[in-house]
Amino acid sequence: MKRGGGPAAPETRERLQRLLARHGMGSRRTVEAWIAAGRIEVDGEVASLGCTVTGRERITIDGAPLRLRAHAPTRVLVYHKPAGVECSRRSEAGLPTVYDDLPALTQGRWLSVGRLDVATTGLLLFTNDGELANRLAHPSQCIDREYVVRVHGEVDDEMMQRLRDGVLLDDGLARFADIGETRNADDESGNRWFYVTLFEGRNREVRRLWESQGVQVSRLKRVRYGPVVLPPRLRQGRTLELTPKDVTRLAALVEVVPERVGSGRVRGDDRAVSQLVPYPDAEVRRAQVEARNRPAEAATPPPARRQGRVQAGPRVREDEDMDPPVRPPRARPAGPRSPAPRASGPRVEPGARAEAVPGDTRRRDASARPGATPKRGSGRGRLKRDGA
């Protein structure tokens, strides 16, 4: 009973996996696996899937008591992953891991939002909030990923349309939500640059889609994850923490309301600029994905591979110090290589900031294009090297 004589408010209960995920112990899926394996006990009894707790119970993991302090502020890191680094806490092959480059936490631990394979570079997000990490990576949230890829082999409009319509892979249907060629085609080596977007994060999905068409991927870099763009000045192996305002905006896009948001930035740091581009909310994203998939034709199986080499030409050059090209800021010229028709949208006047539409990353405004690198000077035509 309270002092005023009224009834005491009932304690709020929530599922065990949700509570531990909020405190940064791991993702929901990871905690559920611990519960199924019998590794977690609540007040001396083995926990079961579906059990609810208040947080006042005595919880142990593998016999070690777990102290649940006040929930730490939600933080988000932007990490520029180099090649040759694994997205795991321990590498069986003895390679460095992405967690070696992350700042230490006094409470909880960093959780990755999705993964990148060892050879892929680019943007990777980390957060100490398990619920936020799960929502950002879940396909139901319709968060798209944008990649820049270098391909060796013959690519024509028919192949690009097949990749848009869908290809049957070993683990099911897969397709690119958007695909287009950048400038800088290297005719001598047979390498061509493309940008692609997709709404899933299956294992090596981008590489397997291209390989199903008989071409070879020699470079792959992720430059955007939803509204978060890889900063052009962020060197490989370095991190940048989002501001509390950006964390709140990012969480709202996936319908998560953090108890508190924080940042490791120094107070009064004027360099803390937003790393987010305009992005539609969840309902609009789902409607756009449904409209995009509704008229899609039946998926085509991968073409039969020819005997011997898939394509002729010189060997692919693995010049890893070369940056991927940037898409031209002006509109694409009309002609036989014009992209497939897509849903129409509002026209963006020069100088205006275009809205980010999931899966559709070709914009008229260069300043609003995710992943674009601003020009360093006139008449150069060369990109600044990516610091490694």
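Trainee: Can you explain the packing of aromatic side chains? Please cite residues and give values.
Mentor: Aromatic rings considered in pairs are described by the distance between their centres and by the relative angle of their planes. Considering all chains together, one arrives at 4 aromatic pairs under this definition. Between Phe176 and Trp210, the aromatic rings sit 6.0 Å apart at their centres with planes inclined by 45°, giving tilted as the arrangement. Taken together, the residues span a long stretch of sequence, with Phe176 in the loop between β12 (172–174) and β13 (178–181) and Trp210 in helix α5 (residues 205–211) at a distance of 34 residues. Classification of Phe176 by relative accessible area gives buried; the value is 1%. Since its relative accessible area comes to 0%, Trp210 is described here as buried. With centroids separated by 5.2 Å and ring planes inclined at 45°, the aromatic side chains of Phe194 and Trp210 adopt a geometry described as tilted.

Trainee: Could you give me a rundown of the pairing of strand β7 (residues 76–81), with the residues and numbers involved?
Mentor: Every regular strand shows the same layout, with side chains that alternate between the two sheet faces. Here β7 lies mainly inside the structure; 6 of its 6 residues are buried. Residues of β7 alternate between two faces, with Val76, Val78 and His80 on one and Leu77, Tyr79 and Lys81 on the opposite face, all of them buried. One ladder, built from 6 bridges, connects β7 with strand β9 (residues 121–127); its direction is antiparallel. Pairing of Val78 across the sheet is with Leu125, part of β9. Alignment of β7 against strand β17 (residues 239–241), held across 3 bridges, turns out to be antiparallel. The residue of β17 that forms the bridge with Tyr79 is Thr239.

Trainee: Can you tell me about helix α6 (residues 244–253), naming the residues and giving the values?
Mentor: If you check which residues of α6 are buried, you get Asp246, Val247, Leu250, Ala251 and Leu253. All buried residues of α6 fall inside an arc of 155° around its axis, so they share one side. Pointing more than 90 degrees away from the buried face of α6 are the exposed residues Lys245 and Ala252. Where α6 is buried, its residues contact β7, α3 (130–137), β16 (228–229) and α7 (282–293). Two residues or fewer past α6, Glu255 is found with a positive phi of approximately 60°.

Trainee: How would you summarise the pattern of salt bridges if you had to cite specific residues and measurements?
Mentor: Pairs can form between side chains of opposite charge whenever their charged atoms are close. One pass over the structure, following the stated rule, counts 14 salt bridges. Across the salt bridge formed by Glu200 and Arg202, the nearest N and O atoms sit 3.1 Å from each other. On the basis of relative accessible area, Glu200 is assigned to the partly exposed category, the value being 29%. Classification of Arg202 as partly exposed rests on a relative accessible area of 21%.

Trainee: How would you summarise the environment of Glu45 if you had to cite specific residues and measurements?
Mentor: Along the chain, the position of Glu45 falls in strand β3 (residues 45–46). C-alpha of Glu45 to C-alpha of Thr60: the two residues are 15 residues apart in sequence and 9.7 Å apart in space.

Trainee: Can you break down a negative patch on the surface residue by residue, with the values?
Mentor: On the surface, Glu154, Asp156, Asp157 and Glu158 cluster together into a negatively charged patch. With respect to the element layout, Glu158 can be found in helix α4 (residues 157–165).

Trainee: Explain the nonpolar core to me, and be specific about the residues and the numbers.
Mentor: In terms of nonpolar packing, the biggest core is built from 32 residues, with Phe126, Phe176 and Trp210 touching the most fellow members. Beyond its immediate chain neighbours, meaning those up to four positions away, Trp210 contacts Val149, Val151, Val155, Met159, Leu163, Phe176, Ile179, Phe194, Val196, Val215 and Val217. Residues Leu125, Ala133, Leu230 and Val256 belong to the second largest nonpolar core, which totals 23 residues.

Trainee: Could you give an account of the sheet that holds β3, naming the residues involved and the relevant values?
Mentor: If you trace the 4 strands from one edge of the open sheet to the other, you get β3-β2-β5-β6, paired in antiparallel fashion. Since the sheet does not close on itself, it has two edges, and those belong to β3 and β6 (64–66), each with one partner. Inspection of the sheet shows strand β2 (residues 40–42) paired to β3 by 2 bridges, in the antiparallel sense. Note that in β3 the partner of Val42 across the bridge is Glu45.

Trainee: I'd like to hear about the side chain of Ser88, residue by residue, with values.
Mentor: Its place among the elements puts Ser88 in the loop between β7 and β8 (111–113). One polar contact links Ser88 to Glu86, side chain to side chain, over a distance of 3.1 Å. Apart from residues no more than four positions distant in its own chain, Ser88 is found in contact with Thr97, Tyr99 and Arg115.

Trainee: Can you explain the side chain of Arg150? Please cite residues and give values.
Mentor: Position of Arg150 relative to the elements: it lies in strand β10 (residues 145–152). Overall, Arg150 belongs to the buried group, its relative accessible area being 1%. A distance of 2.7 Å separates a polar atom in the side chain of Arg150 from a polar atom in the side chain of Ser218.

Criteria and thresholds
Throughout this document, residue positions are counted from 1 along each chain, in the order its sequence is written. In keeping with the predicted nature of the model, local features appear solely for residues at pLDDT of at least 70, side-chain atom pairs appear and are counted solely at 80 or more, and the whole-chain, interface and lining totals rest on all residues. The side-chain numbers reported here are obtained from all heavy atoms of the structure, hydrogens and water having been left aside. Each pair of aromatic rings taken from Phe, Tyr and Trp, with Trp reduced to its six-membered ring, is defined by centres within 6.5 Å and is described as stacked if the planes are under 30 degrees apart, edge-to-face if over 60, and tilted in the remaining cases. Only DSSP runs of H or I with at least four residues qualify as helices, and only runs of E with at least two residues qualify as strands; both kinds are numbered from the N terminus onward. Think of it in three bands: residues with accessible area under 20% of the maximum for their type are buried, residues over 50% are exposed, and the middle band is partly exposed, with areas taken using a 1.4 Å probe on protein chains only. DSSP calls a pair of strands paired once it identifies at least 2 bridges connecting them. Of all possible arcs, the one meant is that of the directions from the helix axis to the C-beta atoms. Contact criterion: two residues are considered in contact whenever any of their non-hydrogen atoms come within 4.5 Å of each other. Only one rule defines a salt bridge in this text: a Lys or Arg side-chain nitrogen within 4 Å of an Asp or Glu carboxyl oxygen. Only residues whose relative accessible area exceeds 30% and that take part in no salt bridge are eligible for patches, with like-charged residues grouped when within 9 Å of each other and nonpolar side chains (Val, Leu, Ile, Met, Phe, Trp, Tyr) grouped when within 5 Å. Surface accessibility follows the Shrake-Rupley procedure with a 1.4 Å probe radius. Residue values consider only the protein chains on display as shielding. The charge count includes Lys and Arg as positive and Asp and Glu as negative, but it does not include His or the ends of the chains. We put the charge of a Lys on NZ, of an Arg on CZ, of an Asp on CG and of a Glu on CD. Buried Ala, Val, Leu, Ile, Met, Phe, Trp, Tyr and Cys residues that are joined via side-chain atoms within 4.5 Å together make up what is termed a nonpolar core. In protein, a polar contact requires one atom able to donate a hydrogen and another able to accept it; more generally it is a pair of N or O atoms within 3.5 Å, and residues adjacent in sequence count only if both atoms are side-chain atoms.

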